[in-house]
Structure formats: structure tokens, C-alpha cells
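# Chain and residue survey
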Amino acid sequence: MTHFMCRQCGVQFAASDKEPSACPICEDERQYVRWAGQAWTTMAELGRDHKVVMKDEDGVLAIGVEPSFAIGQRALLIETPGGNVLWDCVSLVTDEAVAALKAKGGLKAIAISHPHFHSAIVEWSGAFGSIPIYIHADNRQWVMRPDPAIVFWEGETKSILPDVTLIRCGGHFEGSAVCHWARHGKPSRLMVGDTLQVVQDRKHVSFMYRYPNIWPLKAHKVKRIAAAVAPYDFDTIHGAFWGYRILADGKAVVARSVERYLKAIAD
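Throughout what follows, the structure given in this document is the object of discussion. These numbers come from a predicted model, not from an experiment.

## Structural notes on the sheet that holds strand E12 (residues 177-181)
Judged by pairing direction, the sheet is mixed, and its six strands sit side by side in the order E10-E11-E12-E13-E18-E19 without closing on themselves. Each edge of the open sheet carries a strand with a single partner, namely strand E10 (157-161) and strand E19 (245-246). Two elements, E12 and strand E13 (residues 189-193), share three bridges in a ladder whose sense is antiparallel. In the strand pairing of E13, Cys 179 is matched with Met 191.

## Some words on the pattern of salt bridges
This model, assessed by the stated rule, comprises 15 salt bridges. Between Asp 28 and Arg 30 there is a salt bridge; the shortest N-O distance is 2.8 Å. Overall, Asp 28 belongs to the buried group, its relative accessible area being 14%. With a closest N to O distance of 3.6 Å, Lys 263 and Glu 259 form a salt bridge. Of this pair, Lys 263 and Glu 259 both sit in helix H6 (residues 250-265), four residues apart, which is roughly one turn of the helix. Overall, Glu 259 belongs to the partly exposed group, its relative accessible area being 45%.

## Overview of helix H3 (residues 95-102)
Among the residues of H3, those classed as buried are Ala 97, Val 98 and Leu 101. Viewed end-on, H3 has its buried residues packed into an arc of 100 degrees, placing them on one side of the element. In H3, the exposed residues that point more than 90 degrees away from the buried face are Asp 95 and Glu 96. Those residues of H3 hidden inside the fold are in contact with strand E3 (51-57), strand E4 (60-66), strand E5 (75-80) and helix H4 (121-127).

Reading the values: rules and limits
Residues numbered from 1 in each chain as written. Predicted model: local features only at pLDDT ≥ 70, side-chain atom pairs only at ≥ 80, totals over all residues. Heavy atoms only, no water. Pairing = 2+ DSSP bridges. Helix = DSSP H or I, 4+ residues; strand = E, 2+ residues; numbered from the N terminus. Salt bridge = Lys/Arg side-chain N within 4 Å of Asp/Glu carboxyl O. Buried < 20%, exposed > 50% of the residue type's maximum accessible area, 1.4 Å probe, protein only. Arc of directions from axis to C-beta. Contact = heavy atoms within 4.5 Å.

Have a look at this one:
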């Protein structure tokens, strides 16, 4: 029995004796199947020519896979006095990466923004003692490898540590979430995945229902995202990919970006 992994989205599946017939995440209209057709790999195979890399991004440890694999996102380490949280995830776990994170105090939980980044969440959880994996209940159907460590949280917010709060925004997926990191005496941070997509100029965020297939998000859903994060103060915004972050004045950036987006899609 093997935990096969989709090469296009990097999500690991429940153990089976043969490759799954399809990847529901990639067949969904928000993603796509490779032009060459559905393809599979395993973590062992991936580890032969890929490695986990860690880089500092504005005081936050970013964790990715190189060469780039699947969607190419990187995870972020949220370090707090109450414990550390891995925000989003990647498809490869190595002994070296686990040791590096344990040297920083280990992990107390994993939290995921949306299904495209489910990757190898169960493997990462197991490497730290089956720590809880927080996924919004509205994204339950997209979990391809069920596990007792997965906690399906409900409602609009979920405090998982004293300084770490998950916020359901919807938009890209119904259960799409962001993570607010309160830092006492320092500016707070907002980890957004691609629920709010940090764009190339690093001065704005934008919104999309289908990123690869370029289908914009409806106005009422953008307003819902804006309302969900409005109660929180934050300065830096960390997106889903290497270097994609807003360096300052993040709350005002979101407000300006929402206004700009709504004007752009208006009649």
C-alpha cells in the first residue's frame, strides 16, 4: 500500500495498492490536470531529486521545496511563546527539516489555508507526534488523506494558540482561511496563502476564484473577505510564495486593494 502524491497539486492521498484513477483537486475547475495527463509520484521518489529549503523572510522562517514542485508554495513558521505553528504545508518531509524545526522548539499545530496546500499534512503532523492539523470544515471534502490528527474547525474564527487565530474568509474556496499572528510589542502579521493574493508589486493584494484558469472573484465575496479581516490589526502580509509579502501598512493595503478591485470589476 502506497501513499501516492499528485504531481500537479502535490497532495498526498490515502494509501492504496495502485495509483488513484484521478485527482479530484486537480479535476476541480479551480485547478487543472497536467497537459500531459494525470501523473503520480511518492514522497520517497520526490526526495531523490528535491530537498526542503528554509529561508528567512522578514523575520519569518519560510519552508519550501526546491526545485519547485507542484504549485510551488512555501510554508511559514509562526513562532510564539505558546508554541509554534506551521502555516500551510509542502509535499516533502525530510529528517533534516524536522531536526531544524525541532531546534526551534518544534511544532504544536499545523494550519491550512485551503485544499491546494494540503500537500503532505499528515506526514508533517506525524513527524512531530501527530500534532493537530486545522482545516475549516467547509473544505472537508477536499481532504484526500483522512487522519485522526485533522481537526475540522467551524464558524468564522478559531484561536489555536493565545497569539494565533484562524479567520475564515471564503472566496477561493468556501473554507479558505487566513491566519492572524498577534505579536505583543511588535507589529502583527497576517498569513494569507492565496485567499488574499500578494501581487508582484508587493503594494497590493488581489482576489481570484480560479487562479490558474483566471476567473475573478465576485464583488460580494471580496467584501466578505474584507469584512472578515477588518477587526484585526496587522502590518506585514505574507503570501503563498517565496518573497510574496507586503512589508508594511498591511491593513491599509488591504483596504486600498479591495476598493481598487471593486472599481475594476464594476460596470
